[in-house]
Each structure stands twice: as C-alpha cells, then as structure tokens.
Amino acid sequence: MQCAESLRVQAYFDGEVDAISAAEIERHVEHCNGCRELLQDLEKVRRALRSGISYAAAPPALRAQILQALDSDADAATDAATDAATDDAVRSAMPVKRRPARRLRAFGGPGFRIGAFSGIGGAALAAAMAFFFVLPALSPLSNEIVSAHVRSLMPAHLIDVVSTDKHTVKPWFAGHADVSPAVADFEAQGYRLIGGRADYIDHQRSAVVVYQHGAHVINVFTWAASGARLPNNTTRSGYHLAYWQQGDIQYCAVSDTGWDELLGLVRLLREQP
C-alpha cells in the first residue's frame, strides 16, 4: 500500500518544497521503506535519462541555410511592404473615376502558392531555429534556481536567519546546509548583507546568502560541486543568473537587478579568501 507521503516525496525529489518541508520529508524517509525505495527509483530514472539524452548543436551548414532562408523571407517581406505602400500612394493620387478595378488572383494560382509557401516556410524555418538554437540553452538547474528565488520573495520565505553580521550568518549554516558558503558584508560597495536561509537545489541542502542592493534582493545560492558543468550566465523570466565555482563549491547569484550590479557582487565574492 502506497504511503500517504509519497506525493510529497516526489515533490521533494523535484525540489518543489521549502527547506522546512524538505527536512520533514528527510526524517520521514529514514523510517519509511516505501518512500526510501521511491526516492531510489526516481534517482535511477533521472540518471538513466541524463546518461541517455544529449543535446546536439545544429551543423554549421544547416545553421547557415536557415539564416539565409530567414534573411530571404525578411527581404521579400520588406519588398512586398514597399511595393504595397507605393501602390497605395499611386492609387490615392488617381481620380476616383479612373481607379482601375483590381482582379483577384484565383485561389491556388501561382501568386497564392508563392505567398502561402513564403508564410508557411518562414514559420517552419523560425520553428526550426528555435528548436536547434534555443532548446540547447535551456537548463533545468537555471529554472530550478529561478523558481527558488521567486518563492523566496513571498512573505516570510526570504530569510531564516536575519542578521547583517557575517559571524552570525555563516555559523548558522552548519547543520542547516550541506556547504559552508562565502559570507561577507559589502555595504560600503552597495551590497548589504541581510541574512541567509537554507533551500533545496540540485538534490542538496543549499546555503543561500541574501543581499540587498537598492530596492533589489540578490540571492546567492551555493551547493557542492557534483562534476556536472555549470550553465552559462543567462536570464530567465526577467531574472539574471550568474554562475561560478570556487574549489568544490558552486555558486549562482540571481536577481532582477542589472547585469553590471549583479556581476559587481560576484566580483566581490570571488575576491574573498
């Protein structure tokens, strides 16, 4: 018989629960064989999917062909718009009684087929470009971090330990997170330390150091390196994400502040001993 906590265990596995719920589920799994086996099965499936699925970039020849086709469509559309504007201007300058009647092109005639092919072909090529060039850029880790960042902005979710003192924040992570992150206050440079919390990222208890820069909150997530390559710096849903690694700890700073401001904090953190 399936345990009543199985749905919460699946949400825990997907990183969709807060830190308190994650701790409760971890305690439950210690005593529930069914939920422990469920977690093991889910992890096996994830490993199989990750090892069996790889992203492939579009070959250079296909990329060039798609870009050339899109350029041709754009040029054709521009020419058509120019011709239409010129035609309208000429017709408006003509006396009404001398305006010639326009013949409709027969449905399925050469003009119709060319126009339809151009529209459908352009849409198909645009979809192909999105598949080949946008899909590889998607990162489950980035989406996971953005979700955690957005959740943290809800009332009473941002901070577990409220303090501007790094000597208070850093020791708090012992026992609450799997890593000990770099913690420093850069108030003089415009980045005020306001506290920290524990979150759940990449199946780990992540330490999150929270800064305030003007009206913006910056969450700095830290977790133990797993050997997987970090994503490139990116933007998701209006939030910028900057990744880096120091030693065996991986970091991601995320905020809706400007890139220059976000990278300014990253630079200060990377300069810490």
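Residues numbered from 1 in each chain as written. Predicted model: local features only at pLDDT ≥ 70, side-chain atom pairs only at ≥ 80, totals over all residues. Heavy atoms only, no water.

A. Structural view of the pairing of strand β2 (residues 192-201). Within β2, 9 of the 10 residues are buried, which leaves the element mostly enclosed by the surrounding structure. Note: β2 against strand β3 (residues 204-213), 9 bridges, orientation antiparallel. Looking across to β3, one finds that A198 is bridged to A207. Where β2 folds back on β3, the antiparallel hairpin that results is connected by 2 residues, among which D202 adopts a positive phi of roughly 55 degrees. (Buried < 20%, exposed > 50% of the residue type's maximum accessible area, 1.4 Å probe, protein only. Helix = DSSP H or I, 4+ residues; strand = E, 2+ residues; numbered from the N terminus. Pairing = 2+ DSSP bridges.)

B. Quick look at the nonpolar core. Ranked by size, the top nonpolar core spans 27 residues in total, and within it F173, F186, Y211, I218, V220 and L265 carry the most contacts. Secondary-structure elements contributing two or more residues to this core are α7 (166-172), β2, β3, β4 (216-224), β6 (239-246), β7 (249-255) and α8 (259-270). When residues in this core are grouped by element, the largest group, 5 residues, is from α8. Discounting chain neighbours no more than four positions away, the residues touching F173 are V179, P181, V183, G196, R197, A207, V208 and V209. The next biggest cluster of nonpolar side chains, apart from the first, holds 18 residues, and it includes V146, I194, V208 and Y243. (Core = buried A, V, L, I, M, F, W, Y, C linked by side-chain atoms within 4.5 Å. Contact = heavy atoms within 4.5 Å.)

C. Quick peek at the sheet that holds β6. The strand order across the open sheet formed by 7 strands is β1-β2-β3-β4-β7-β6-β5, and the pairing between neighbours is antiparallel. The open sheet terminates on both sides in strands that have one partner only, identified here as β1 (161-162) and β5 (234-236). Along the sheet, α8 contacts β3, β4, β5, β6 and β7; its crossing angle with β6, the most-contacted strand, is approximately 15 degrees. (Axes fitted to C-alpha atoms, helices over the stretch in contact; angles between N-to-C directions.)

D. Seen up close, the pairing of β7. Of all 7 residues that make up β7, 7 are buried, and the element is covered over most of its length. Here β4 pairs with β7 via 6 bridges, running antiparallel. In the strand pairing of β7, V220 is matched with A253. In terms of strand pairing, β6 meets β7 through 7 bridges, oriented antiparallel. Paired with W244 across the strands is Y251, a residue of β7. The antiparallel hairpin formed by β6 and β7 contains 2 residues in its connecting segment, where G247 sits at a positive phi of about 65 degrees.

E. Just α8, in detail. Its 12 residues give α8 an end-to-end C-alpha distance of 16 Å, which sits within 8% of 16 Å, the value for a rise of 1.5 Å per residue. All of the buried residues along α8 are L262, G264, L265, V266, L268 and L269. The secondary structure elements touched by the buried residues of α8 are β3, β4, β6 and β7. (Expected span 1.5 Å × (residues − 1).)

F. Quick look at the packing of aromatic side chains. Under the criterion given, the structure shown has 4 aromatic pairs. Geometrically, the ring pair formed by F186 and Y211 is stacked, given 6.2 Å between the ring centres and 25 degrees between the ring planes. Here Y211 lies in strand β3 and F186 lies in the loop between α7 and β2, a separation of 25 residues in the sequence. A single burial state applies to F186 and to Y211, both of which are buried. Seen from their ring centres, W244 and Y251 are 4.9 Å apart, and the 5 degrees between their planes marks the pair as stacked. (Phe/Tyr/Trp six-rings, centres within 6.5 Å; stacked < 30°, edge-to-face > 60°.)

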